[in-house]
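# Notes for the structure review
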Amino acid sequence: MKKVLGLLVLAGLAWAANLYVPGSYTTIQEAINAAHPSQTKSIAVTSLSRGTKEGMNWPLSGYDLQGSYYVPVASLPQTLSNFNTKAIINKSPSYTLVGDVNGDGQNEIVFKSGNVIYIADSLGNIKNTINTSYYLSSLLDINSDGVLDISVGTGLGDIGLGRGEINFYSATGSTLWSFSKSVSYDGGIAPLYLLDGKLYVMNDAGYGRTPRGVSRVNISSKQEEWFYSIGPHFWGGLPQFSLYNDRIALNSGTPHNGATGNGYNGNGATTDDGNLWHIVIDSSGNQIFTRKVNNANTDGSLVQRILPNGNIIALESHWFNPYWGTAKIHLLNPGGNEIATRNRGLNVQLNAAFNSSVVVVGGQDGVIEVLSPNDLVVQSSKNIGTTIWIAGINDIDGDGSEEIIAYTPSKVYIYSMNLIEEWNYTSPSGEIRNVQITDITGDGKMDIIVSTTTSLFIISQ
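From a predicted model like this one, the values you see are computed outputs, not experimental measurements.

Let us now look at the sheet that holds strand 23 (residues 301-306). Within a sheet, neighbouring strands are paired by backbone hydrogen bonds and run either parallel or antiparallel to one another. In spatial order, the strands read 18-23-24-25-26; together these 5 strands make up an open sheet with antiparallel pairing. Two strands close off the open sheet at either side, each with one partner strand: strand 18 (252-253) and strand 26 (338-346). With 5 bridges joining them, strand 24 (residues 312-317) and strand 25 (residues 326-332) adopt antiparallel strand pairing. Each bridged residue has a counterpart across the sheet, and for isoleucine 312 the counterpart in strand 25 is leucine 332.

Quick look at the structure:
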């Protein structure tokens, strides 16, 4: 993550999208509970058996609605020492997703490299390409035909476009649905999720300042029904939102462009882009709570995730001047009051994965911490001496115990929950950008997709 000309530049800048669930529901969570697991990828799904296809893909940037990076479906039993490179795609993916996008019953790898979206099979064969300068966002079923579609949105890199646009494509590249709106010269929009015929959209801008916030668009009429404006810039990595029990928690950042926002038709507290804010709204654009981050130095980014127990984990990251400061892990109760805080050092960027039992936090300080979601009490900790990111949590070897999958710029690691190393893999080429845990081969055993600055590697038995 780096700041260039006042704009945050992320590898494969894209925003997480979600699903379309047919039917009429009062709340988002009702729809999640009613939907098929292969559509929702909700971590609330805990009854899936080992090796079932449902939930064994990676259609959203954070895997599910909460941005948990937790894959609840256990692999069929396998031996980690038998993992090796099965296929190599000699492209440089900026962003990678996995799902069945052509309806053949098998997962495909969908990734962006340059101005092309590639669709590849488990052997690394490129099946189709889509030419677009827009950012790959997510895989979701826009036309409710049971097949995941490919969504893209404009981003802050499209300087001078003056138009925010979202497109949904089939695997053959046919345009299935589009939406556009006017934005500032460096503004952009991207889909967050679909529900009951409504598309929830993230709006963001840099120096142009407008629009910043979340809006809801009617799929049939393509009309924006409401827009919840905020002052902060959407910094902090992917995904840019977390959804659980009809609550949406938003990320924030402090570019100091002078932007402000106050919700939908003024129904929210005024927020600015000179401070970090805890912002939580509902699916109708109503403020649940807004609170300034309790820190003397709030220049940086804040990533918020709603935990299964209703608490909110908020990762406060800092980096070079002027965004320096002490990185912190904040734990808030559902009402927005702070329960606990942990310091993680000066100028550290953080990321996390979680399930109902643990929150696992990694960062540029080289430390992995396994924390309680109730009070941030440390259950285990390890310092590996270099930047370590958490890729996910999954029972990847099918032994009945879940593991932590993490990566550095050069290696992928699998740890027990006690942070005992069980396996590692050294990147054959390039610096590792992201890692997905998924069943790409269709045998009920989890595989690992490793995207680097030079190639994409499929790791399996």
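Next comes the rest of the description.
Here we take up the confidence of the model for the protein chain. The predicted model of the protein chain has a mean per-residue pLDDT of 87, with 85% of residues at 70 or higher. Ignoring residues within four places in sequence, the model shows residues 1-49, a span with pLDDT below 50, making 143 contacts including any to other chains.

Right, let's get into the nonpolar core. Grouped together as the largest cluster of nonpolar side chains are 65 residues, with contacts concentrated most on Ile150, Ile396, Val412, Trp423, Val435, Ile448 and Val450. For this core, the element with the highest residue contribution is strand 6 (residues 116-120), accounting for 5 residues. Membership of the second largest hydrophobic core comes to 19 residues, among which are Leu65, Tyr193, Leu195 and Met202.

Before going further, it helps to examine the side chain of serine 75. Looking at the element boundaries, serine 75 is found in the loop between helix 2 (37-40) and strand 3 (84-89). Among the residues examined, serine 75 registers a relative accessible area of 0% and is labelled buried. Reaching out from serine 75, the side chain makes a polar contact with the side chain of glutamine 78 at a distance of 3.1 Å.

Looking now at the pattern of salt bridges. This structure, assessed with the given rule, holds 9 salt bridges. With a closest N to O distance of 2.9 Å, arginine 163 and glutamate 165 form a salt bridge. For arginine 163, a relative accessible area of 31% corresponds to the partly exposed category. Here glutamate 225 ties to lysine 198 by a salt bridge, and the two come within 2.6 Å at their closest N and O atoms. On the criterion of sequence distance, the pair formed by glutamate 225 in strand 15 (residues 224-229) and lysine 198 in strand 13 (residues 198-204) is long-range, its members being 27 residues apart. Under the relative-accessibility criterion, glutamate 225 is labelled partly exposed at 28%.

On to the packing of aromatic side chains. Aromatic ring pairs are defined here through the distance separating the ring centres and the angle between the ring planes. All chains considered together, the criterion is met by 13 aromatic pairs. Members of the aromatic cluster, connected to one another through ring pairs, are Tyr193, Tyr200, Trp226, Phe241 and Tyr264. When the ring centre of phenylalanine 227 is taken as origin, the NZ or CZ atom of lysine 181, which lies over that ring, is 4.9 Å away. When the ring centre of tryptophan 177 is taken as origin, the NZ or CZ atom of lysine 222, which lies over that ring, is 5.4 Å away.

Attention shifts here to the pairing of strand 6. Of all 5 residues in strand 6, 5 are buried, a share of seventy percent or more. Covered by surrounding structure in strand 6 are Val116, Tyr118 and Ala120 together with Ile117 and Ile119, the residues of both alternating faces. Two elements, strand 5 (residues 108-113) and strand 6, share 5 bridges in a ladder whose sense is antiparallel. By the bridge assignment for strand 6, lysine 112 is matched with isoleucine 117. Hairpin connection of strand 5 to strand 6: 2 residues between the antiparallel strands, including glycine 114 at a positive phi of 65 degrees. Sheet topology note: the strand 6/strand 7 (residues 126-131) ladder contains 5 bridges and is antiparallel. If you follow tyrosine 118 over to strand 7, its bridge partner there is threonine 129. Counting the residues in the hairpin turn of strand 6 and strand 7 gives 5 residues, including glycine 124, whose phi is positive at 85 degrees.

What counts and what doesn't
Numbers given for residues are sequential positions, taken from 1 along each chain in its written order. A pLDDT threshold of at least 70 governs which residues receive local features in this predicted model, and a stricter bar of 80 or more applies before side-chain atom pairs are shown or counted, although totals over entire chains, interfaces and linings include all residues. To get the side-chain values, all heavy atoms of the structure are used, and hydrogens and water are removed first. At least two bridges found by DSSP between two strands is the condition for calling them paired. Comment: elements are numbered from the N terminus, with helices defined as DSSP H or I runs of at least four residues and strands as E runs of at least two. By definition, pLDDT measures how confident the predictor is in each residue, and it falls between 0 and 100. When checking whether two residues touch, look at their non-hydrogen atoms; a contact exists if any pair is within 4.5 Å. As used in this record, nonpolar core signifies buried Ala, Val, Leu, Ile, Met, Phe, Trp, Tyr and Cys residues forming a set joined through side-chain atoms within 4.5 Å. Relative accessibility decides the category of a residue: with a 1.4 Å probe and only protein chains considered, values under 20% of the type maximum give buried, values over 50% give exposed, and everything between is partly exposed. Side-chain atoms alone can form a polar contact between residues adjacent in sequence; in general such a contact is a pair of N or O atoms within 3.5 Å, and within protein one must be able to donate a hydrogen while the other accepts it. Criterion for a salt bridge: a side-chain nitrogen of Lys or Arg within 4 Å of a carboxyl oxygen of Asp or Glu. The pairing test for Phe, Tyr and Trp rings, Trp by its six-membered ring, is centres within 6.5 Å, and the orientation test on the planes gives stacked under 30 degrees, edge-to-face over 60, and tilted for anything in between. Geometrically, a charge over a ring is one whose NZ (Lys) or CZ (Arg) sits within 6 Å of the ring centre while staying within 35 degrees of the ring normal.

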